[in-house]
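These are the residues of each chain, in order.
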Amino acid sequence: MKRTTRPPGNRRNALFVVVVMLAVTSASVASADDGPGPFGVTVQADTNKASARVGALFGAGDGLSGHFCTASVVHSEKRDLLVTAAHCLDGGGKLRFVPGYRDGKAPYGIWDVKKTFVGDAWTGGQDEDSDVAFAEVAKQGAKGIEDVVGGNALATGRETGATAVTVTGYPSTLDAPITCTNKPTVHSRTQQRIECPAFAGGTSGSPWVNGDGAVVGVIGGHEAGGDTDDVSFSIVLGKEAATLYKAARKAG
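Reference entry: report on the structure contained in this document. (Residues numbered from 1 in each chain as written. Predicted model: local features only at pLDDT ≥ 70, side-chain atom pairs only at ≥ 80, totals over all residues. Heavy atoms only, no water.)

So, about the side chain of Asp 175. As for its position among the elements, Asp 175 is in the loop between β9 (165-169) and β10 (178-182). Given a relative accessible area of 17%, Asp 175 falls into the buried group. At a separation of 3.4 Å, a polar atom in the side chain of Asp 175 contacts the side chain of His 67. A polar contact of 3.1 Å, which involves the side chain of Asp 175, links it to the side chain of Tyr 101. (Helix = DSSP H or I, 4+ residues; strand = E, 2+ residues; numbered from the N terminus. Buried < 20%, exposed > 50% of the residue type's maximum accessible area, 1.4 Å probe, protein only. Polar contact = N/O pair within 3.5 Å; in protein donor to acceptor, adjacent residues only side chain to side chain.)

And the structure:
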């Protein structure tokens, strides 16, 4: 499963896996029927506005090492909100978010998590259908994190697979984000899945962003996001997620 405690592996080997997977799959995947494709190919994410909104989650400490989950900035009136998986917030303690993290550097600053928001069904029994959460980060001066990197909309009630999505996240063995585009498919009434290689431990919380720039899922849910690196899951963002998002936007 893609929980946060996978032991760190050899970084060079992890990069090798991504490169080999790209070579194997790029020749075999078909072009997207609603875009240029190809689908299901994982590569290192470019440095751009979209990837700047995605970052790595770290625990307490002065340095940047041991990132364990992924989160991303979503729009809020106070311009201070992240979305991730609820199981990424289980450990408690101080959390820090580093948007656009690469190679030990924090190009857009290090942001302290001030408050977290998880649903009652997750708090009461870690219901896998409730594995989504929000986090408020402290402002730096007068600026919220959304003022610095922008933020995606959060879209609930969308049909699974209506459009392709791009998933971007941070495997715990890499110091740069990876990204992959594919069409999600239905796993169950409450869960969706996507086939993208090399999304290993540390990618929990990675946003699924559609062509309109809206988050329609995050890696988590079934099997805490998946028990293999090549298939990832997300809950279907429905009424519960919408209610939690609204509460997080109003809080503070």
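What follows covers the sheet that holds β10. Pairing in this open sheet of 6 strands is mixed, and the strands run β1-β10-β9-β13-β14-β8 from one edge to the other. A single partner strand is all that each edge strand has here, and the edge strands are β1 (43-44) and β8 (153-154). Pairing of β8 with strand β14 (residues 214-218), which is carried by 2 bridges, proceeds in the parallel orientation. Following the sheet pairing, Leu 154 is matched in β14 by Val 215. (Pairing = 2+ DSSP bridges.)

Phi is positive for Asp 103, close to 50 degrees, though the residue is something other than glycine. Structurally, Asp 103 is set in the loop between β5 (96-99) and β6 (111-118). Even without a glycine there, the phi angle at Gln 126 is positive, about 50 degrees. Note that Gln 126 resides in the loop between α3 (120-125) and β7 (133-137).

A separate point is the sheet that holds strand β12 (residues 191-195). Spatial ordering of the open sheet is given by β11-β12-β15, a layout of 3 strands whose pairing is antiparallel. At either end of the open sheet lies a strand with only one pairing partner, and these are β11 (185-186) and β15 (231-235). Across 5 bridges, β12 lies against β15 in antiparallel orientation. Opposite Arg 193, over in β15, you have Phe 233 as the bridge partner.

In this section: the state of the cysteines. What the rule picks out here adds up to 2 disulfides. Through a disulfide, Cys 69 is tied to Cys 88; the S-S separation comes to 2.1 Å. Between Cys 69 and Cys 88 the sulfur-sulfur dihedral comes to about -75 degrees; the bridge is accordingly left-handed. Here Cys 69, found in strand β3 (residues 69-74), pairs with Cys 88, found in the loop between β4 (81-84) and β5; they are 19 residues apart in sequence, far enough to count as distant. No difference in accessibility class separates Cys 69 from Cys 88, as the two residues are buried. The disulfide that involves Cys 180 links it to Cys 196, with 2.1 Å between the sulfurs. Taking the torsion about the S-S bond as the criterion, the Cys 180 to Cys 196 disulfide, at about -80 degrees, is left-handed. Placement of the pair is Cys 180 in strand β10 and Cys 196 in the loop between β12 and β13 (207-210), with a sequence separation of 16 residues. Among the cysteines of the chain that take part in disulfides, numbered as they appear in the sequence, the pairing is 1-2, 3-4. (Disulfide = S-S within 2.5 Å.)

What follows concerns the pairing of strand β2 (residues 54-58). Here β2 lies mainly inside the structure; 5 of its 5 residues are buried. Across 4 bridges, the pairing between β2 and β3 is antiparallel. Pairing of Leu 57 across the sheet is with Cys 69, part of β3. Direction of pairing for β2 relative to β5: antiparallel, over a ladder of 4 bridges. Looking across to β5, one finds that Ala 56 is bridged to Val 98.

An α-helix turns once per 3.6 residues; consequently, residues spaced three or four apart project the same way. The terminal C-alpha atoms of helix α5 (residues 239-250) lie 17 Å apart, and with 12 residues this matches the ideal 16 Å at 1.5 Å per residue to within 8%. Among the residues of α5, Ala 241, Leu 244, Tyr 245 and Ala 248 are the ones counted as buried. For α5, the angular spread of buried residues about the axis comes to 100 degrees, placing them on one side. In α5, the exposed positions angled more than 90 degrees off the buried face are occupied by Lys 239, Thr 243, Lys 246 and Lys 250. (Expected span 1.5 Å × (residues − 1). Arc of directions from axis to C-beta.)

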